[in-house]
Amino acid sequence: MKKAIYLIIALIGLSAPSCSDSMLDFSPTDSGSGKELLKSASTAITSVNGVYRSMWTAGWSTTANTHQCFGIAAYNLALDCMADDLIMQSQGNGWFWGDHCYNVKSNYTSSAFRSYDVWYANYKWIANVNYIIDAEPEMAGTEADVAYVAGQAYAIRALCYLNLATWFSRAPYNSLTGASRWNEPCVPVYTTGTSIDTGGQPRESLRTVYGRIDQDIDRAIELLEKARETTLAENNKSHINLYVALGIKSRACLAEGDWDGAFKAAKRVIDEGGYAVGTKSDLTSGMNSLDKQNVMWGAGIQVADQAGGYAGFFTHMDNKEGAYAKSAPKLISKQLYNRISATDIRRDWWDPSDKESPYVSKKFSFANVASFLGDYIYMRVEEMYFIEAEAKAHENLGEGIRLLNEFMNNYRIVGGGYDCTNMSSSVENFTNELMLQKRIEFWGEGIVMFDMKRLDMSTRRGYVGTNSPASYRLNTEGRAPYWNFVISRGETQNNPVIATQNNPDPSQTVKPWNG
């Protein structure tokens, strides 16, 4: 029987000595096998760094489409391309066009497109950190150093299962309707290192997968608390620290409807993490540096050989210098832009009067275009303020309103004057207003699709005066079921256990708007 593809690459990833920069090889040339590497925290950190490096390296996770497959930043861009608010003015070179036009789901039979890429990458990360987790009990080093290495491994595994659940399943709870879906199928779960003899597992329920996420992220938080005195951290924002783990927990709690958990995790980040909400200067300097006070986690792209050339985020999103962005400019939906207050500092992210590309984005830019340099930002502290307000509103609507008002007036609206008190008639009305501000805040950052799926929000690209090209003025109904990706054929062929458990071929109707 063939084994699942991710099991095979996991074995390669931690057993083969390395003589290259391949993301499948974590061992430096002088360190021997993967098992030797994991005997000590001081060397096991190399394996952790290898996982992080693969999260922003282009081309290793698919057999093709390198220029739209460069890890977390690519997945975040793809998610925004599938939502309402980011508009590609034209097809350009074709990258991310399939995501934006809802065509990519039907390509699940190919090993070159999004279903395969997302599945393969996340399960590879899971498989590799499973080896680190297995090695923790016997790992040499100080308590803080071992806790630091193992804590990141648990956090990465939790994040990967949350990613997979978001792409391939519905959220377990919808707070706007009260619908629970805990028994619906999610994804297979693996919690130990795999070998050539490891068989493929069936899809587990949402209850089981989110239970795994909760256990892993709580264990990560526990370990990273113990790791405060580690010698391995070096104030590295490319690593998941205690507060990033709390941020991951707050995201999972939102999907579960665990408002107390979401609120407490987000509040700890705000109160203890030492971050500060981004100023206008922070927000309008290209969103390309981990050094900014509001950045919690990302990828530090420091030298040209790390940047990936054209296969990177900024070449798609820097509308002035990015080669791909020039041929396919990225715009904000006119409808969303027109709902931004005239005194909102975020309004400067877009130019509605650009002659060639009205409503074009200025939010993202290279830090050094000659070297294709710019850090990738995965998590900002601002997200914690939105989670705090949403979660609190389910316990005390007035307090949720106060928190959102406070954030907007202190940090986003010049001179104040923002007031969402008129949303006090229901949590649903308040949530819709909060989501409006969140859509503005995180445009282009891949945050909002997670919310749209858990809240069953529908796409509305077709409206009077839309600036969407005719080819994708599409409206979707029942968006969350529609957006459950089909598991790639490469996986179902190699793991026959789930061959009969797949999501249906995406034949649901997407309605073009013909106004």
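For the structure itself, consult the block above.
Residues numbered from 1 in each chain as written. Predicted model: local features only at pLDDT ≥ 70, side-chain atom pairs only at ≥ 80, totals over all residues. Heavy atoms only, no water.

**Here we look at the overall build of the chain**
Stage number 1. Of the regular secondary structure elements, the chain holds 21 helices and 10 strands.
Stage number 2. Considering only intrachain contacts with a sequence separation of at least 6, the fraction spanning at least 24 residues in the chain is 71%.
Stage number 3. By element, 48% of the accessible surface of the chain is carried by carbon and sulfur atoms, the whole surface being about 18900 Å². (Helix = DSSP H or I, 4+ residues; strand = E, 2+ residues; numbered from the N terminus. Contact = heavy atoms within 4.5 Å. Areas by Shrake-Rupley, 256 points an atom, 1.4 Å probe, with all protein chains shown as cover.)

**Let's talk about the packing of helix α7 (residues 143-168) against helix α9 (residues 242-256)**
Stage number 1. Where α7 contacts α9, the axes come no closer than 10 Å and their chain directions differ by 30 degrees. As the angle between them shows, α7 and α9 are arranged roughly parallel. Once α7 is placed against α9, the crossing between them reads as left-handed. Within the contact between the two elements, α7 uses Ala155, Leu159 and Leu162 and α9 uses Ile248, Arg251 and Ala252.
Stage number 2. Among the residues forming the contact of α7 with α9, the class breakdown is 5 nonpolar, no polar and 1 charged. (Axes fitted to C-alpha atoms, helices over the stretch in contact; angles between N-to-C directions. Parallel < 35°, antiparallel > 145°, perpendicular 65-115°, else oblique. Left-handed = near helix turned anticlockwise from the far one by under 90°. Nonpolar A, V, L, I, M, F, W, Y, C, P; charged D, E, K, R; others polar.)

**Comments concerning the pairing of strand β4 (residues 295-299)**
Stage number 1. When you tally the buried positions in β4, you get 5 out of 5 residues, the bulk of the element.
Stage number 2. The pairing of β4 with strand β8 (residues 376-380) spans 4 bridges and is classified as antiparallel. Looking at the pairing, Gly298 lines up with Ile377 of β8. (Buried < 20%, exposed > 50% of the residue type's maximum accessible area, 1.4 Å probe, protein only. Pairing = 2+ DSSP bridges.)

**Let's talk about the packing of helix α10 (residues 259-272) against helix α16 (residues 382-395)**
Stage number 1. One way to put it is that α10 packs onto α16 with a least axis distance of 8 Å and a crossing angle of 145 degrees. Both α10 and α16 take part in a crossing whose hand is left-handed. Taking contact as the criterion, the partners of Trp259, Ala262, Phe263, Ala266, Lys267, Val269 and Ile270 in α10 are, on α16, Met384, Tyr385, Ile387, Glu388, Glu390, Ala391, Lys392 and His394.
Stage number 2. Residues of the contact of α10 with α16, tallied by class, amount to 10 nonpolar, 1 polar and 4 charged.

**Examining the nonpolar core**
Inside soluble globular proteins, nonpolar side chains tend to come together where they are buried.
Stage number 1. The biggest cluster of nonpolar side chains holds 159 residues, and the ones touching the most others in it are Trp125, Tyr161 and Trp297.
Stage number 2. In terms of residue count, the dominant contributor to this core is α7 (18 residues).
Stage number 3. The residues touching Trp125, leaving out its near neighbours within four places in the chain, are Val51, Ser54, Met55, Trp60, Ile72, Tyr75, Ile156 and Cys160. (Core = buried A, V, L, I, M, F, W, Y, C linked by side-chain atoms within 4.5 Å.)

**Quick notes on empty space enclosed by the protein**
Stage number 1. A full pass over the atoms with the stated rule returns 11 cavities of 30 Å³ or more.
Stage number 2. Along its surface, the largest cavity is lined by 22 residues, and Asn76, Leu79, Asn163, Arg251 and Gly446 are the ones closest to its centre.
Stage number 3. When residues of the lining of the largest cavity are traced back to their parent elements, those giving at least two are α4 (72-82), α7, α9 and α19 (448-454).
Stage number 4. No other element matches α7, which puts 5 residues into the lining of the largest cavity.
Stage number 5. There is about 110 Å³ of room inside the second largest cavity.
Stage number 6. Taken together, the elements giving at least two residues each to the lining of the second largest cavity come down to α4, α13 (313-317) and β8.
Stage number 7. Of the residues belonging to the lining of the second largest cavity, the class tally is 8 nonpolar, 2 polar and 2 charged. (1 Å grid on protein atoms, 1.4 Å probe; cavity = no way out; pocket = protein on both sides within 12 Å on 5 of 7 lines; lining within 4 Å. Points joined across faces, edges and corners; volume = space filled by probe spheres on them.)

**A few points about the pattern of salt bridges**
Stage number 1. One pass over the full model with this rule turns up 33 salt bridges.
Stage number 2. Here Glu136 makes a salt bridge to Arg219, at a shortest N to O gap of 3.1 Å. In this pair, Glu136 sits in the loop between α6 (114-135) and α7 while Arg219 sits in helix α8 (residues 206-226), placing the two residues 83 residues apart along the sequence.
Stage number 3. Among the residues examined, Glu136 registers a relative accessible area of 14% and is labelled buried.
Stage number 4. Two residues, Glu383 and Arg251, come together in a salt bridge whose shortest N-O distance is 2.8 Å. Of this pair, Glu383 sits in helix α16 while Arg251 sits in helix α9, and the two are 132 residues apart along the sequence. Grouping residues by exposure puts Glu383 and Arg251 together as buried.
Stage number 5. Look at the salt bridges and you will find they share partners, linking Asp344, Arg346, Lys363, Arg380, Glu382, Arg412, Glu441 and Glu445 into a network. (Salt bridge = Lys/Arg side-chain N within 4 Å of Asp/Glu carboxyl O.)

**Observations concerning the side chain of Arg157**
Stage number 1. Mapped onto the fold, Arg157 is located in helix α7.
Stage number 2. Within the structure, Arg157 has its side chain in polar contact with the side chain of Asn130 (distance 2.7 Å).
Stage number 3. In contact with Arg157, not counting residues within four places along its chain, are Ile126, Val129, Asn130, Ile133, Tyr190, Thr191, Arg212 and Asp216. (Polar contact = N/O pair within 3.5 Å; in protein donor to acceptor, adjacent residues only side chain to side chain.)

**Observations concerning the side chain of Lys249**
Stage number 1. One can find Lys249 in helix α9.
Stage number 2. For Lys249, the residues in contact, after removing those within four places along its chain, are Ile217, Asp218, Ile221 and Ala265.

**Observations concerning the packing of aromatic side chains**
Stage number 1. Enumeration over the complete set of coordinates arrives at 34 aromatic pairs.
Stage number 2. An angle of 45 degrees between the planes, with centres 6.5 Å apart, marks the rings of Phe70 and Tyr376 as tilted. Separated by 306 residues along the polypeptide, Phe70 in the loop between α3 (41-54) and α4 and Tyr376 in strand β8 bring together distant segments of the chain. Just as Phe70 is buried, Tyr376 falls in that class too. (Phe/Tyr/Trp six-rings, centres within 6.5 Å; stacked < 30°, edge-to-face > 60°.)

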